[in-house]
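Coordinate inspection notes
Okay, here's what each chain looks like letter by letter:
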Amino acid sequence: MTKMFKIALPDGSVKEMPEGSTPADVAAAIGPGLAKAALAAKVDGEVRDIMRPFDGDAKLSLITSRDEAEALELVRHDYAHVLAEAVQNLFPGTQITFGPATEDGFYYDFAPAPGRGPFTEEDLPAIEAEMRRVIAADKPLVREVWDRARVRQFFIDHGETFKAEWVMELPEGEPITMYKTGHGEADWIDLCRGPHLASTGKLDPNAFKLTRVSGAYWRGDPKNPMLSRIYGTAWLSKKQLDQYLVRLEEAAKRDHRKIGQEMDLFHLQAEAHGSVFWHPNGWIIWRQMEAYLRRRLDAAGYDEIKTPQLIDSKLWVQSGHWGKFRENMFVVPDEVPSTEEGKPVITGDAELLALKPMNCPAHIQVFKQGITSYRELPVRFAEYGCCHRNEPHGALHGIMRVRQFTQDDGHIFCTRDQLVDETKRFCALLDLVYGDLGFADYKVKLATRPDQRIGSDEEWNRAEGDLERALKETGLDYEVLPGEGAFYGPKLEFHLQDAIGRTWQCGTLQLDPNMPERLGAVYVGEDGEKHHPLMLHRAILGTFERFIGILIEHYAGKFPLWLAPVQAVVATIVSDADAYAGEVAAKLAAAGIRVETDLRNEKINYKVREHSLAKVPLLLVVGKREAEERTVAVRRLGSDEHQKLMSLDEAVAAFAAEAVPPDLR
Ligand SMILES: [Zn+2]
Ligand SMILES: [Zn+2]
């Protein structure tokens, strides 16, 4: 007699299915529409191939394109396989390595055949065409379970040395899954955890595009051979792809590196990889942000401090960073090197210092000065903390990803009972700041206990519960990121959404009972005993560099008046108005407006174009008539209205009011 399995569906119904049946059979039993739409299955919470038979009774839900995040991840992974197959069809001798799904598509790393050289963008159209052929062939993606020795032998026989190396690192004895495109002996096959769609034909041949190629080291290590990485973007439909491509184009127009140059904000150069040279215009934005935030922090009960750049390695050993974070730290010997050989020579026994990669241990040193009573808690330290991290050159990106950066860092030392209140206060402050800076939309995520962790379940329950309570009482919706907390505590992440719908994680609040204990921070409790305070690492902007980069792209350089480096330019039409232009500029400057004059003997249209490109928000045009009538003709950046004639006094008063930072209005 055939064994029957009970398959429970999300609507609460149960289907009896004979042993050997698959989620696809269940879909077909429900209806042909679902059979066609189902991409994969969730069996007892695990995403699986729709053609993989049930192992026993199970809870089943079917994944369709409506489950967008899961469906995207699945199809992107499929496209990566199709890409690899297409490349090997077209370029025999190419070795395959890895090809994961990414946030907007997929990539695959190849080792091109010897002598061939890396792939280039010229190769992409032919590869795309071959991918479409593989999709059109609608070949099944077949899951097979092999043992390790067989997988290794297979890859050795096929000249796949990278795969053969990799498979030996998988635990011995565990079954390994291989995915084959087709049922035939010679069909393309890759080592893969899966899951995959039922066949290549489930992919939309018009919903992907290969975008670029780059170099990438085998397993990310510069000591290893350089591979050739091909990137693609992939979506569920052509419409989605087109929307994405428009968004990319818009993002390119807003690129902070391009706008930074047009507005003369900053530059980077090879002599200081990953550290920013701020120009006067860019530094004005920074100073405005810093001053604004300082006022907000003062009002929120923070004490600002400043801690050293160079700190002895002993402290980093104690804090644990020396062990875990060493390769990201710039280490400096505490000694003037001798230069006998023409290059610096360090004696072997010099004490080592490190440029701080974070401020936390330094804040604990300040906390530890004197004796703190429970009555003084919470202590809230803020620092515009300049940190250095040794990021590989390839990972750097404009001012968004740098090696020297300044965090709007802060650490709150509090008792366990103060956690909910401190979290609520932080959320309120962050909400205020994001609103002021033009980001009304942001998402909150709660990262919870990871598998590898310290602390009892009871402590974790309480910590996660307190953060949730604080979010609920603040009225914030949030999403849970299971397992993504730090090993010592849960954290909140704040992801803001910019003008073209991209999200950026900026704010964080991280609960940490561990570091105060490690570094011996204590307070005297009501009971007269010493206790370790709880430490909350928190930031609102993240870093000034990256946040200003985000602001530039969000506003496409058209900053609100209070942040704009040059707020107004007074431009003359004729030289007769030079004296009046000087007077207008002086009045604006006296009212606190950052203003310049443009008295050049150029056509007014030329001047308008130039100041528009430099994103000056206000252009005040003056000619003979304006001088006589004591008026100004105002053109606003990005406004369709032509120009507005205002009396000089009216204009000065209106712009001075508009230029006031949001917290002072
Ligand atoms: Zn795969
Ligand atoms: Zn910290």
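Preceding block: the structure.
The text that follows walks through the structure, step by step, so that each part is easy to find.

About the criteria used
- Residues numbered from 1 in each chain as written.
- Chains lettered and ligands numbered in written order.
- Predicted model: local features only at pLDDT ≥ 70, side-chain atom pairs only at ≥ 80, totals over all residues.
- Heavy atoms only, no water.
- 1 Å grid on protein atoms, 1.4 Å probe; cavity = no way out; pocket = protein on both sides within 12 Å on 5 of 7 lines; lining within 4 Å.
- Points joined across faces, edges and corners; volume = space filled by probe spheres on them.
- Helix = DSSP H or I, 4+ residues; strand = E, 2+ residues; numbered from the N terminus.
- Nonpolar A, V, L, I, M, F, W, Y, C, P; charged D, E, K, R; others polar.
- Salt bridge = Lys/Arg side-chain N within 4 Å of Asp/Glu carboxyl O.
- Buried < 20%, exposed > 50% of the residue type's maximum accessible area, 1.4 Å probe, protein only.
- Pairing = 2+ DSSP bridges.
- Core = buried A, V, L, I, M, F, W, Y, C linked by side-chain atoms within 4.5 Å.
- Contact = heavy atoms within 4.5 Å.
- Axes fitted to C-alpha atoms, helices over the stretch in contact; angles between N-to-C directions.
- Donors = N, O, S within 2.8 Å, 3.2 Å for Na, K, Ca; no water.
- Tetrahedral: all angles 85-135°; square planar, octahedral: opposite > 155°, others 65-115°.
- Parallel < 35°, antiparallel > 145°, perpendicular 65-115°, else oblique.
- Left-handed = near helix turned anticlockwise from the far one by under 90°.

Comments concerning the layout of surface pockets
Taken as a whole, the second largest pocket encloses approximately 1200 Å³ of empty space. In terms of lining, the second largest pocket is formed by 38 residues, of which the most central are F325, M358, R389, Q407 and T508. Taken together, the elements giving at least two residues each to the lining of the second largest pocket come down to helix 11 (321–324), strand 20 (404–414), strand 24 (503–512), helix 15 (514–518), strand 27 (534–543) and helix 16 (544–555). The class makeup of the residues in the lining of the second largest pocket is 13 nonpolar, 14 polar and 11 charged.

Some details on the pattern of salt bridges
For the structure shown, the criterion picks out 49 salt bridges. We note a salt bridge from K139 to E85, for which the minimum N-O separation is 3.1 Å. Linking K139 in the loop between helix 4 (124–136) and strand 8 (141–146) with E85 in helix 3 (residues 68–90), this pair joins segments that are 54 residues apart in sequence. Since its relative accessible area comes to 3%, E85 is described here as buried. D649 is the partner of K587 in a salt bridge, and the nearest nitrogen-oxygen pair spans 3.2 Å. Placement of the pair is K587 in helix 17 (residues 578–590) and D649 in helix 20 (residues 648–658), with a sequence separation of 62 residues. What makes K587 partly exposed here is its relative accessible area of 34%. Its relative accessible area of 52% is what places D649 among the exposed residues. Sharing partners across several salt bridges, the network here consists of R380, D421, E422 and R425.

Details of the pairing of strand 31 (residues 631–636)
Of the pairings in the sheet, the one linking strand 30 (residues 618–622) to strand 31 comprises 4 bridges and is antiparallel in character. Residue pairing in the sheet places V621 in a bridge with A633 of strand 31. Both strand 31 and strand 32 (residues 644–647) contribute to a ladder of 4 bridges, which runs antiparallel. Bridge assignment links T631 to a residue of strand 32, and that residue is S647.

Side note on the nonpolar core
In terms of nonpolar packing, the biggest core is built from 61 residues, with Y434 and F547 touching the most fellow members. Beyond its immediate sequence surroundings of up to four residues, Y434 is in contact with F439, A440, Y442, F494, L496, C506, G507, I540 and F547. Counting 33 residues, the second largest nonpolar core, distinct from the first, contains L39, A84, V134 and W188.

Observations concerning unusual backbone geometry
In this chain, G194 is followed by P195 through a cis amide linkage whose omega measures -5°. Between L377 and the following residue, P378, the backbone shows a cis peptide bond with an omega angle of 0°. Its location among the elements puts P378 in the loop between helix 12 (360–367) and strand 19 (379–388). One non-glycine residue, D44, adopts positive backbone phi at about 50°. With respect to the helices, strands and loops of the structure, D44 is situated in the loop between strand 3 (40–43) and strand 4 (46–48). Judged by relative accessible area, D44 falls into the exposed class, the value being 53%. With phi around 60°, R219 is a residue other than glycine that occupies positive phi space. Given the relative accessible area of 35%, R219 is considered partly exposed.

Digging into the sheet that holds strand 28 (residues 568–572)
Strand pairing in a sheet takes place through backbone hydrogen bonds and is either antiparallel or parallel in direction. Read across the sheet, 5 strands follow the order 29-28-30-31-32 without closing on themselves; strand pairing throughout is mixed. Of all strands in the sheet, those with a lone pairing partner are strand 29 (595–598) and strand 32, marking the two edges. Geometrically, the sheet is characterised by an average inter-axis angle of 30° between neighbouring strands, direction not taken into account. Bridge count for strand 28 against strand 29 is 4 bridges, and the pairing is parallel. For V569, the partnering residue across the bridge sits in strand 29 and is E596. Contacts from helix 18 (residues 604–613) reach strand 28, strand 29, strand 30 and strand 31, with the element oriented near 165° to strand 28.

What to know about the coordination of the zinc ion (ligand 1)
Donor atoms from the polypeptide that bind the zinc ion (ligand 1) are H77 (NE2), H81 (NE2), C192 (SG) and H196 (NE2), placed at 1.9 to 2.4 Å. Coordination at the zinc ion (ligand 1) is tetrahedral: its 4 donor atoms span angles of 87 to 132° at the metal. Of note, the donors binding the zinc ion (ligand 1) are all from one chain and are spaced H-x3-H-x110-C-x3-H. Taken together, the positions of H77 in helix 3 and C192 in the loop between strand 10 (188–191) and strand 11 (208–217) put the pair 115 residues apart, joining distant regions of the chain. Exposure remark for C192: the relative accessible area of 8% places this residue in the buried category.

Notes on the packing of helix 3 against helix 4
Running from amino to carboxyl end, helix 3 crosses helix 4 at an angle of 115°, the nearest separation of the two axes being 8 Å. Here helix 3 is positioned roughly perpendicular relative to helix 4, judged by the angle of their axes. Helix-helix and strand crossings are classified by hand; for helix 3 and helix 4 the assignment is right-handed. For the pair helix 3 and helix 4, the contacting residues are Y79, V82, L83, E85, A86, V87, N89 and L90 in the first and A126, I127, E130, M131, R133, V134 and I135 in the second. Here the residues of the contact of helix 3 with helix 4 sort into 11 nonpolar, 1 polar and 3 charged.

Structural notes on the sheet that holds strand 10
With respect to topology, 3 strands assemble into an open sheet ordered 8-9-10, the strand pairing being antiparallel. Here the strands that pair on one side only, and so sit at the sheet edges, are strand 8 and strand 10. Within the sheet, the average angular offset between the axes of one strand and its neighbour, ignoring direction, is 25°. Judged from the 4 bridges that link them, strand 9 (residues 176–181) and strand 10 form a sheet pairing that is antiparallel. Bridge pairing in strand 10 links M178 to L191. Along the sheet, helix 3 makes contact with strand 8, strand 9 and strand 10, crossing strand 10 at roughly 125°. On the sheet, helix 5 (residues 148–157) packs against strand 8, strand 9 and strand 10 and is oriented at approximately 45° with respect to strand 9.

As for the environment of G323
Within the fold, G323 resides in helix 11. The class of G323 is exposed, set by a relative accessible area of 67%. As a C-alpha pair, G323 and Q404 span 81 residues in sequence and 21 Å in three-dimensional space.

These figures capture arrangement, not role.
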